[in-house]
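The lines below spell out each chain.
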Amino acid sequence: MRVLFQGAFYFYRKIIAYTTHFVQMVDLSSALEHKRWHNWQAHFPPSWLHPFLNLMWLIIGISLRLANLTAKPPWTDEFATLVFSLGNTFSPVPLDRAIAPDILLQPLQINPAASIGDVIHNLATQDSHPPLYFVLAHLWMKLFPSDGGLVSLFAARSLPAIIGAALIPCVYILGKVAFRSSLVGHLTAAMMAVSPYGVFLSQEARHYTLAALWVTASLTCLVIATRHIQNRTPLPIWIALFWVGINALGVATHYFFTLTLCTEAIVLIFLAWLQLQTSKKFSLLFSPPWRRIYAVAIGTCVAGLIWIPTLLENENRGALTEWIRGSRVGLDWLNPIFQALGTLIAMISLLPVESSQLVIVIPSGVVMLTFFIWAVPILLRGLEIQLQHRENRIMIQVFAGIIISAIALFFIFAYFFGIDLTRGARYNFVYFPAIVILLGASLAVCWHPPKELMEKNGIKSIGRWGINGKKAVMLIWLMGFFSAVTVICNLGYQKYYRPDLFVQLIQQTSPVPVLIATTHKTYVHTGEMMGVAREFKLANSPQQPLFLLAHQDRDPNTSTIALENTLKKLPRPFDLWLVNFHAPVAETVKTCVISDTQSLPSINGYEYKLYHCQ
């Protein structure tokens with residue numbers, strides 16, 4: 001790890017050397033900078049500058065996203081992506097009897113006969129997500145060979161990684177369009193390239209980077225619409241159609257994209273209120289600019305409503321979302337607040353505070369705390385100065401409105417409907433691009449401080465502790481870079497399930513045949529066991545355990561009976577591992593000797609008990 005960080009720091013110093021020379025050329029309207037970089041322009045045409053910088057951010061971003069891409073084992077949601085994208089289902093996996101690993105892993109085998117129609121049908125009947133990303137993944141994974149007879153994990157994860165990298169030039173466009181500044185665009189792209197949250201989403205075989213891409217495109221349309229509302233000119237028809245199309249694709253990728261649409265609606269209501277404050281004419285809301293906005297809203301609603309029958313007909317949607325529901329007692333009521341705050345922080349900075357070693361956790365926590373005590377006032381001051389700029393004020397308000405509205409919706413769902421969306425950090429994709437845009441806008445002030453606005457507001461310096469201007473921007477970018485490395489090394493946004501460690505534990509502990517039993521309600525529990533079976537297969541272990549998925553609906557005793565019947569058929573000796581087994585223990589188990597698991601390590605995602613059956 002030390003070598004890795006030393007190498008990352010060396011790489012960063014090289015990037016800083018080039019960035020220092022090139023990024024200062026972005027704002028050529030400044031006479032002083034024009035003079036300073038006159039010689040550079042002679043050797044580096046300005047028309048090449050912005051493509052070169054965008055290419056540099058893209059290379060950095062895609063390198064981080066592809067690094068260590070398959071090092072972390074897939075978890076249950078990723079198994080769902082793999083299975084449904086292949087056109088398969090979890091149904092062929094037998095329940096209530098002992099099965100071999102190959103049978104459990106059968107849904108991960110490539111099925112040449114599967115079609116796009118199979119992907120859509122299986123999702124509509126067995127999952128709770130729309131099909132667009134899964135169809136794209138189906139076509140993408142066909143381009144890659146199998147990995148030991150199973151679908152390639154690199155194939156599955158490389159698609160969201162590439163889409164996540166595509167976000168970098170897209171937020172550049174959004175930043176440039178919103179603030180009419182290439183500098184804002186480049187700093188936004190630079191921060192997106194190293195955002196630990198962006199890297200986290202990109203390294204999962206899920207649809208969140210594609211959804212974030214549609215969020216970015218939809219926000220770009222919102223920005224253009226805001227300009228037209230300000231100027232009281234109608235939105236071009238092609239922009240309106242493009243906006244509706246993007247929103248339709250967003251809903252077809254993830255239903256939570258509708259939360260982004262809700263935040264955009266709230267912002268548009270705010271803009272309407274601002275216009276009424278200035279003109280006092282209610283008829284203004286029926287002028288050509290607003291009629292186009294209403295047309296976009298109607299088109300978006302139609303595109304979203306077509307998915308309601310599919311969603312309502314799915315019988316599994318309640319069981320698959322149980323984990324975000326539940327009652328709260330005492331301090332549990334504060335969980336959504338701290339979870340939302342933690343996700344916001346980790347969009348910018350995340351050092352190894354999740355490590356199991358205090359010697360790493362404590363220094364990392366201290367560095368992060370010190371960083372935010374230093375950086376937050378700088379970033380807020382940058383936004384304060386941007387608010388003083390007449391052209392930029394409305395854009396700061398728009399993006400801040402998106403963020404505040406999204407967080408408010410999350411809290412409404414958590415505290416009024418008992419659906420805690422803050423438990424899933426990945427759901428914050430609905431406003432993630434807006435966070436990065438505001439970050440880029442603030443850093444642009446640090447990079448090139450507007451002296452007139454600073455003097456007008458009595459601000460002498462934006463920096464703190466003697467770190468000002470470009471040095472502050474570079475330090476914030478450096479923190480983002482090391483945070484991205486933290487995620488890549490699974491020291492941040494750690495995988496909740498660690499089947500690799502669990503398999504190592506079994507191999508070290510059980511010299512006799514093994515039965516791994518778990519209770520089963522949905523394919524989520526099948527995915528938990530798939531992770532274990534996959535690790536045994538990849539390790540080419542001579543030990544081939546058996547698996548039992550003891551199904552239960554409402555009565556836990558059905559799982560107990562399935563375990564009882566299975567144990568009676570197995571020859572002894574064997575070791576029984578009850579993993580995430582939420583049912584009464586069978587009578588036959590009591591004839592086995594329970595092992596003292598207190599001396600054994602805890603494994604993320606796998607709560608276990610070990611019985612030696614002689």
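Figured I'd write up the structure that's included with this text. (Residues numbered from 1 in each chain as written. Predicted model: local features only at pLDDT ≥ 70, side-chain atom pairs only at ≥ 80, totals over all residues. Heavy atoms only, no water.)

Considering the arrangement of structural elements, one finds Phe84 in helix α5 (residues 76-85). Residues Phe84 and Asp118, 34 residues apart in the sequence, show an inter-C-alpha distance of 8.6 Å. Once you skip the residues sitting within four places of it in the chain, Phe84 turns out to touch Phe90, Val119, Asn122, Leu123, Gln126, Asp127, Phe134 and Tyr523. (Helix = DSSP H or I, 4+ residues; strand = E, 2+ residues; numbered from the N terminus. Contact = heavy atoms within 4.5 Å.)

Bringing the state of the cysteines into the picture now. Here the structure, examined in full by the defined rule, presents one disulfide. Covalent S-S linkage joins Cys592 and Cys613, the inter-sulfur distance amounting to 2.0 Å. Its S-S torsion of about 105° marks the bond between Cys592 and Cys613 as right-handed, since a negative value means left-handed. Of this pair, Cys592 sits in the loop between β4 (574-579) and β5 (593-594) while Cys613 sits in strand β6 (residues 608-613), and the two are 21 residues apart along the sequence. When its relative accessible area of 9% is taken as the criterion, Cys592 is described as buried. When its relative accessible area of 0% is taken as the criterion, Cys613 is described as buried. (Disulfide = S-S within 2.5 Å. Buried < 20%, exposed > 50% of the residue type's maximum accessible area, 1.4 Å probe, protein only.)

What follows covers the packing of helix α14 (residues 257-279) against helix α20 (residues 390-416). One can describe the packing of α14 onto α20 by two numbers: an axis separation of 9 Å at closest approach and a directional angle of 130°. Between α14 and α20, the angle is such that the two are oblique. By crossing handedness, the relation of α14 to α20 is classed as right-handed. Counting all contacts with α14, which are made through Leu259, Cys262, Thr263, Glu264, Ile266, Val267, Phe270, Leu271 and Leu274, the residues of α20 involved are Ile394, Gln397, Val398, Gly401, Ile402, Ser405, Ala406, Leu409, Phe410 and Phe413. Looking at the contact of α14 with α20 residue by residue, the classes come out as 14 nonpolar, four polar and one charged. (Axes fitted to C-alpha atoms, helices over the stretch in contact; angles between N-to-C directions. Parallel < 35°, antiparallel > 145°, perpendicular 65-115°, else oblique. Left-handed = near helix turned anticlockwise from the far one by under 90°. Nonpolar A, V, L, I, M, F, W, Y, C, P; charged D, E, K, R; others polar.)

Applying the stated criterion across every chain yields a total of 31 aromatic pairs. When the centroid spacing of 6.1 Å and the interplanar angle of 80° are considered together, the rings of Tyr133 and Phe134 count as edge-to-face. With centroids separated by 5.5 Å and ring planes inclined at 50°, the aromatic side chains of Trp577 and Tyr608 adopt a geometry described as tilted. Within this pair, whereas Trp577 is found in strand β4, its partner Tyr608 is found in strand β6, the two being separated by 31 residues in sequence. Per residue, the accessibility class of Trp577 equals that of Tyr608, and both read buried. An aromatic cluster is present here, built from Trp75, Tyr496, Tyr497, Phe502, Trp577, Tyr606 and Tyr608 joined pairwise through their rings. Positioned over the ring face of Tyr427 is Arg426, at 5.2 Å from the centre of the ring. Lys470 extends its terminal NZ or CZ atom over the ring of Trp447, reaching a point 5.3 Å from the ring centre. (Phe/Tyr/Trp six-rings, centres within 6.5 Å; stacked < 30°, edge-to-face > 60°. Lys NZ or Arg CZ within 6 Å of the ring centre and 35° of its normal.)

Fair warning: the whole summary comes from geometry, so function is off the table for now.
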